[in-house]
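# Structural features, examined
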Amino acid sequence: MTSFEPGQPHLTNGEPAEVALGFVHSGNEMGDVAFLRFLEGELGIDLPWEETEAELPAAAFT
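Worth saying up front: this structure is predicted, and the values here are computed from it rather than measured. (Residues numbered from 1 in each chain as written. Predicted model: local features only at pLDDT ≥ 70, side-chain atom pairs only at ≥ 80, totals over all residues. Heavy atoms only, no water.)

Turning next to the nonpolar core. Core analysis: the largest hydrophobic core is formed by 6 residues, namely A17, F23, A34, F35, F38 and L39. In terms of residues, this core owes the most to one element, helix α2 (residues 31-43), which gives 4 residues. (Core = buried A, V, L, I, M, F, W, Y, C linked by side-chain atoms within 4.5 Å. Buried < 20%, exposed > 50% of the residue type's maximum accessible area, 1.4 Å probe, protein only. Helix = DSSP H or I, 4+ residues; strand = E, 2+ residues; numbered from the N terminus.)

In C-alpha cells, the structure reads:
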C-alpha cells in the first residue's frame, strides 16, 4: 500500500503511486494532469475537472 500527496513527496509513504501503478510521464502536460488522465484510462477512474481544483479525499489502491 502507498499513500501520497501530489506535489508533496515528503508526505509519501511506501512506493510512489506513479511507480506502483506503472505510470510514466511523457509529453507536455503537467505531471498531475497526466497522472489523472492515466488513472482515467487505465483504471476507469473519472474525476470531474471541478473536483480537481478542490482538496480531494484520500484513496487507497491495492
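The next thing to look at is the pattern of salt bridges. In this structure the tally under the stated criterion is 1 salt bridge. Of the charged contacts in the structure, one is a salt bridge between E29 and R37, with a shortest N-O distance of 2.4 Å. (Salt bridge = Lys/Arg side-chain N within 4 Å of Asp/Glu carboxyl O.)

This part takes up the packing of aromatic side chains. All chains considered together, the criterion is met by 3 aromatic pairs. Plain terms: the ring middles of F23 and F35 are 5.2 Å apart, the flat faces sit at 70° to each other, and that makes the pair edge-to-face. Placement of F23 in the loop between α1 (17-21) and α2 and of F35 in helix α2 is noted, with a sequence separation of 12 residues between them. Taken as a pair, F23 and F35 share a single burial class, namely buried. Pairing F35 with F38 gives two aromatic rings, centres 6.2 Å apart and planes at 15°, and the pair type is stacked. Of this pair, F35 and F38 both sit in helix α2, 3 residues apart, which is roughly one turn of the helix. Both residues of the pair, F35 and F38, belong to the buried class. Ring pairs connect the aromatic residues F23, F35 and F38, which therefore count as one cluster. (Phe/Tyr/Trp six-rings, centres within 6.5 Å; stacked < 30°, edge-to-face > 60°.)

Mean pLDDT over the protein chain works out to 75, with 71% of the residues at or above the 70 mark. By mean pLDDT, the top-scoring element of the protein chain is α2 (82), and the lowest-scoring one is helix α3 (residues 49-52) (69). (pLDDT = per-residue confidence, 0-100.)

For the rest of this paragraph, the subject is the environment of G7. Examined against the element boundaries, G7 turns out to sit in the segment before α1. We classify G7 as exposed; its relative accessible area is 71%. Taking C-alpha positions, G7 is 9.3 Å from G31, a pair spaced 24 residues apart along the chain.

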